Amino acid sequence: MRTILQIISWTSCAATLLAPVLFLTGHLSLDQVKVWLVVTTIIWFGVTSLWMGRKQGRLATERE
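The structure presented is a predicted model; accordingly, all values stated were derived computationally and were not measured.

Draft legend 1. Up close: the overall build of the protein. When its secondary structure is counted, the protein shows 2 helices and 0 strands. Across the 64 residues in the protein, those meeting the buried criterion constitute 20%. At a minimum sequence separation of 6, the contacts of the protein that also span at least 24 residues come to 56%. A total of about 4900 Å² of accessible surface is found on the protein, and carbon and sulfur atoms cover 70% of it.

Below, the structure is given as structure tokens:
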């Protein structure tokens, strides 16, 4: 599960960096970039908080 969360986290981080590049090349409008950045940032913060800073094999939802 941790690996899946990490993949989602890194993918959303890459998408956050890709949006401005697509804007500069003329593939996205400013409004599309704003929506893209908000959505990918929310995904990144939500998913990363579940795995980062935790021991391997433990999720934030698991109790000791």
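Draft legend 2. Just the side chain of Thr48, in detail. Here Thr48 shows up in helix α2 (residues 30-51). Of note is the side chain of Thr48, whose polar atom sits 2.7 Å from the backbone oxygen of Trp44.

Draft legend 3. View of helix α1 (residues 2-24). For α1, built from 23 residues, the straight-helix expectation of 33 Å at 1.5 Å per residue is met to within 8% by its first-to-last C-alpha distance of 34 Å. Taking the largest bend as the criterion, α1 deviates by roughly 25°, centred on Leu18, and proline Pro20 comes between one and four positions later. Every buried residue of α1 is accounted for by Arg2, Leu5, Ser9, Ser12, Ala15 and Ala19. At its buried positions, α1 is contacted by α2. Gly26 lies just past α1 and shows a positive phi near 90°.

Calculation rules
Residues numbered from 1 in each chain as written. Predicted model: local features only at pLDDT ≥ 70, side-chain atom pairs only at ≥ 80, totals over all residues. Heavy atoms only, no water. Helix = DSSP H or I, 4+ residues; strand = E, 2+ residues; numbered from the N terminus. Buried < 20%, exposed > 50% of the residue type's maximum accessible area, 1.4 Å probe, protein only. Contact = heavy atoms within 4.5 Å. Areas by Shrake-Rupley, 256 points an atom, 1.4 Å probe, with all protein chains shown as cover. Polar contact = N/O pair within 3.5 Å; in protein donor to acceptor, adjacent residues only side chain to side chain. Expected span 1.5 Å × (residues − 1). Bend = angle between axes of the 7 residues up to and from the residue.

Honestly, that's just the spatial picture; any functional story needs more than this.
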